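Structure assessment
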Amino acid sequence: MTGLLPPAAPAVQVSEEVARALADGRPVVALESTIFTHGLPRPRNLAVALEAERQLRAAGVVPATIGVHAGVPTVGLSTGQITELSAADGLDKVSLRDLPVVAALGRHGGTTVAATAFLAHRAGIRVFSTGGLGGVHFGASESFDESADLTALAATPVTVVSAGVKSILDIRATLERFETYNIPVIGYRTRRYPGFYVTDSGHEINFSVESPEQAAGVIEARDRLGLPQAVLIANPVDPAKQLPPEELDGILARAWAEAERQGVTGNAATPFLLDFIQRDTGGRSLDVNVEVYRGNVRLGGEIATALAGGAS
Amino acid sequence: MTGLLPPAAPAVQVSEEVARALADGRPVVALESTIFTHGLPRPRNLAVALEAERQLRAAGVVPATIGVHAGVPTVGLSTGQITELSAADGLDKVSLRDLPVVAALGRHGGTTVAATAFLAHRAGIRVFSTGGLGGVHFGASESFDESADLTALAATPVTVVSAGVKSILDIRATLERFETYNIPVIGYRTRRYPGFYVTDSGHEINFSVESPEQAAGVIEARDRLGLPQAVLIANPVDPAKQLPPEELDGILARAWAEAERQGVTGNAATPFLLDFIQRDTGGRSLDVNVEVYRGNVRLGGEIATALAGGAS
Amino acid sequence: MTGLLPPAAPAVQVSEEVARALADGRPVVALESTIFTHGLPRPRNLAVALEAERQLRAAGVVPATIGVHAGVPTVGLSTGQITELSAADGLDKVSLRDLPVVAALGRHGGTTVAATAFLAHRAGIRVFSTGGLGGVHFGASESFDESADLTALAATPVTVVSAGVKSILDIRATLERFETYNIPVIGYRTRRYPGFYVTDSGHEINFSVESPEQAAGVIEARDRLGLPQAVLIANPVDPAKQLPPEELDGILARAWAEAERQGVTGNAATPFLLDFIQRDTGGRSLDVNVEVYRGNVRLGGEIATALAGGAS
Ligand SMILES: [Mn+2]
Ligand SMILES: [Mn+2]
Ligand SMILES: [Mn+2]
């Protein structure tokens, strides 16, 4: 101990409401913060973040929005803190490896899937709802660009409800990495891996569950076996609310072509592509994104409720 | 706890015989089940599975055949259960990530190297004999197709006796992954990595041991250091019993050409290629496969005996 | 327990001086041995190894040079043992996976970054100074040649002070792997990743610290969070003492061309290339190498002192 950090400061701050719910065995669902610090435009980002919390409370579930506030990794950000982070400029996007750095430097940050999953598990939360996961980027066989979410999920025994991986990733390669890293991928009422904006990515998966209770059974079995990997619940968007699948390929092709034309590569490519898709669809991609998130928050709440032994 | 699984059910069922042997410090060798659920044709599959058990018992070693029976991961399947699994149709091939799913869904399954190693270690068994390991597939730099055995072996401190990796894999790339993942590869009386059907794959390895006692010394040292990786003992087939090495390249070339001609790719390629090799060799590959397995079962028994402090 | 290894022998031998310093909370810095067993020519290898120890002692820090002596992984080799290992022929280069093998076979060995980091952490040492790290080799997308340092650092919560990765590696790909494996890379007073022989490799990094105390703050935060990854402190060589950057590209190009001309590939390539660089620069690369090491030893001592709560 160096005295550089106050000895009494907890490494992770868990809000009283979340701590009490966990102690009582009541259902809790973790939510990430990059969706409102980096993923969605203002002011919709704040609206979506607060709506997700309301949605969970209405279902009898305690929300635990996770982020870094003034260097403190926080599980259960207050409405004030969410509001502050959603309005802050130049915020760090905090992956797992960045947590000790932003903690030591006292910075704000939005936490990625990797960092959020870690903090949720550290606090004792079993279910985490997000939009889309990170994974293998196109061209990764040369660029080696693979998200830290992959290895974090391989070592963090939570449950992550998503609608697949981010739409601009190499889904086939990402599914291979999930297999190599022993991360189970389970369709919710489907054997087709969802494609975030679309219900079906075109890829098959081996297993599905038909109810929150069945998902909870798999999670319990994972925990009883002592396996360290996350369980991924792949929850497709309602087909009636997806982007028209026949449009998506064209949108992605135009996005990639424009990135190439402008020479956008590496880490800059992801925000560029997502922004292009949003503009190209006249904002419809944003509506689908929000719809996807709503569905995952709902299912996360149902699974957390099943795990807590209650009715879903 | 949800009540979805009976609270009293153990996550892993260890047979009385195996549990007693482990408690007494007597030698036990784990055996996998995909060899008889997916690897060998009927009725030879059952014969080989039961012969391996007899072979171990005759050497004073307790066999622990591992698989999933009606959703219960079982260490020490009974003869009745082995018979049932070897005759069942549509059985799951259960890798490590599939264990919680088949457990929750109550299914039968044959366990791969990854899942068997995990269950063996969980039960306290130190030695596991198999035929060939999974690894990196040809073309993996584009397909990302790498076996979950690699990462499971990187995190499971058992000893695995094999005759190398499955013959259709990219051996060179697989040896690199073993190195990157800190998995020691030790030749049994050889510095040439075996090629499953052939004694010598053409690849060198750095270390060899000359006796079961020396292998046990390495395993003890690994355990005293607290390293989490498996120790791989590479045990070549008797040169007099191998497939003629000058034939193997031609067989593999024909197998790949036929796969390409028929458009067989991805996960379907492995069974297709192995089946082709079997037919192309008029069943001789099967005989070698069985011989390879016998040798590994024998050496596994000798190492387990040395670890138990007895004569081998 | 087999009796094959003396039951009382410790898996790792920690010298009395190091053990006492750790018990007292005084600063200790780990040093690797491949730098004097394989990296530098005689007699300079021994001189550099002993100078690093003197340098630390003069700063009030206890050096812990780590290697394998007669099969015993040793933390805090004596001057006699360092002298013996630096003069021995045919010594093993011991990576993490080789430790149990050389231990069981009773051999001498120089420990790599992977093995040294593991042994340092096992002994309770928090800071390790080295020259350059292993990483992804050029052509690894086909060869799969990636150093075991990568995965070892992903699982060993020490702090490693280096001047980047070995100069012949694919730095861009290695930085991607650090990201994927959740290993934080922090520049010491720079956001430019150092290039070992040169101050700036041309690659950016996200975070920097300005003092040993700030580095210690990050390390404390990592430990409080319970993250298992190493923290990498990237410490560039003084610009006045680097190889002229405009020369380095030409040197490397000539080295690779000569390797190709002579057909040197695989594991043989690294020593060949480093030797070529040394001869091509008339020994100046060696001088820079020693200067780089001195700087890392100094900074490691300062960080260890900060962690111990003292003035740096
Ligand atoms: Mn990336
Ligand atoms: Mn595969
Ligand atoms: Mn290598």
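Scroll up to find the structure this text is about.
A short tour of the structure in this document, coming up.

Reading guide: rules and limits
Residues numbered from 1 in each chain as written. Chains lettered and ligands numbered in written order. Predicted model: local features only at pLDDT ≥ 70, side-chain atom pairs only at ≥ 80, totals over all residues. Heavy atoms only, no water. Helix = DSSP H or I, 4+ residues; strand = E, 2+ residues; numbered from the N terminus. Rg over C-alpha atoms; globule rule 2.2 N^0.38 Å. Areas by Shrake-Rupley, 256 points an atom, 1.4 Å probe, with all protein chains shown as cover. Lys, Arg positive; Asp, Glu negative; His and termini not counted. Charge placed at Lys NZ, Arg CZ, Asp CG, Glu CD. Contact = heavy atoms within 4.5 Å. Buried area = accessible area lost by both parts, 1.4 Å probe. Salt bridge = Lys/Arg side-chain N within 4 Å of Asp/Glu carboxyl O. Polar contact = N/O pair within 3.5 Å; in protein donor to acceptor, adjacent residues only side chain to side chain. Nonpolar A, V, L, I, M, F, W, Y, C, P; charged D, E, K, R; others polar. Axes fitted to C-alpha atoms, helices over the stretch in contact; angles between N-to-C directions. Parallel < 35°, antiparallel > 145°, perpendicular 65-115°, else oblique. Left-handed = near helix turned anticlockwise from the far one by under 90°. Least-squares fit on C-alpha atoms with pLDDT ≥ 70 in both. Phe/Tyr/Trp six-rings, centres within 6.5 Å; stacked < 30°, edge-to-face > 60°. Buried < 20%, exposed > 50% of the residue type's maximum accessible area, 1.4 Å probe, protein only. Pairing = 2+ DSSP bridges.

What chain A contains, in helices and strands, is 13 helices and 13 strands. Over its C-alpha atoms chain A spans a radius of gyration of 19 Å, differing by no more than 12% from the 20 Å that the globule rule assigns to 312 residues. Its C-alpha atoms put chain A at 55 × 45 × 35 Å along the principal axes. Surface accessibility of chain A: about 11,200 Å² in total, with carbon and sulfur atoms responsible for 52%. Seen as two clouds, the 26 positive and the 34 negative side-chain charges of chain A have centres 3 Å apart.

Once that is clear, we can look at the interface of chain C and chain B. Listed as interface residues are 38 residues of chain C and, on the opposing side, 34 residues of chain B. Carbon and sulfur atoms supply 60% of the area buried between chain C and chain B, which totals about 3,000 Å² over both sides. At the junction of chain C with chain B, the criterion picks out 1 salt bridge. When the shortest N-O distance is used, the salt bridge between Arg177(B) and Glu146(C) registers 3.3 Å. Run the count over chain C and chain B and you get 9 residue pairs in polar contact (both at pLDDT 80 or more). Considering each element in turn, the side of chain C that touches chain B owes the most residues, 7 residues, to helix H5 (residues 99–105) of chain C. For the side of chain C that touches chain B, the class distribution of residues is 24 nonpolar, 6 polar and 8 charged.

Turning next to the packing of helix H3 (residues 44–58) of chain A against helix H13 (residues 284–307) of chain A. All names here are of chain A. Viewed as axis vectors pointing N to C, H3 and H13 meet at an angle of 25°, and their least axial separation amounts to 10 Å. Here H13 runs roughly parallel to H3, going by the angle between their axes. When you trace H3 past H13, the crossing you get is right-handed. Where H3 abuts H13, its residues Arg44, Val48, Glu51, Ala52, Gln55 and Leu56 lie against Leu286, Asp287, Val290, Tyr293, Arg294, Val297, Arg298 and Gly301.

Attention now moves to the relation of the copies chain C and chain B. Once chain C is rotated about the relating axis by 120° and shifted along it by 0.0 Å, it coincides with chain B to within an RMSD of 0.0 Å. What the rotation and shift describe, once combined, is the action of a three-fold rotation axis. The C-alpha atom lying nearest the rotation axis in chain C is that of Ser141(C); the distance is 3.3 Å. Take the interface residues of chain C: only 8% of them recur as interface residues in chain B, which is what a contact between different surfaces looks like.

The partner chain B presents 38 residues to the 34 residues of chain A that form the contact. Buried area between chain A and chain B, summed over both chains or domains, comes out near 3,000 Å², and the portion from carbon and sulfur atoms is 60%. Looking only at chain A, the three residues that lose the most surface to chain B are Phe207(A), Arg224(A) and Leu225(A), adding up to 27% of its buried area. Put simply, chain A and chain B have 1 salt bridge between them. Connecting chain A to chain B are 9 residue pairs in polar contact (both at pLDDT 80 or more). Taken together, the residues of the side of chain A that touches chain B sort by class into 17 nonpolar, 7 polar and 10 charged.

Quick look at the packing of aromatic side chains now. All names here are of chain A. Summed over all chains, the structure comprises 6 aromatic pairs over all chains. Ring centres 5.9 Å apart and planes at 90° place the aromatic pair Phe138 and Trp256 in the edge-to-face group. Here Phe138 is found in the loop between strand S7 (127–129) and helix H7 (140–143), whereas its partner Trp256 is found in helix H11 (residues 245–262), with 118 residues between them in sequence. Among the residues examined, Trp256 registers a relative accessible area of 33% and is labelled partly exposed.

A few words on the pairing of strand S2 (residues 28–31) of chain A. All names here are of chain A. Here S2 shows two buried faces, one formed by Val28 and Ala30 and the other by Val29 and Leu31. Two elements, S2 and strand S3 (residues 62–69), share 4 bridges in a ladder whose sense is parallel. Bridge pairing links Val28 to Val62 in S3. The sheet contact formed by S2 and S7 spans 3 bridges and is parallel. Each residue of the ladder has a partner; that of Leu31, found in S7, is Ser129.

Attention now moves to the pairing of strand S9 (residues 185–188) of chain B. Residues and elements named next belong to chain B. Of the two faces of S9, both are covered, the one formed by Val185 and Gly187 as well as the one formed by Ile186 and Tyr188. Where S9 meets strand S13 (residues 231–234), 3 bridges bridge the pair, whose relative direction is parallel. If you follow Ile186 over to S13, its bridge partner there is Ile233. For S9 and strand S12 (residues 207–209), the ladder comprises 3 bridges, and the chain directions are parallel. Its bridge partner lying in S12, Gly187 is registered against Ser208.

Scope: geometric values only; no functional claims are made or implied.
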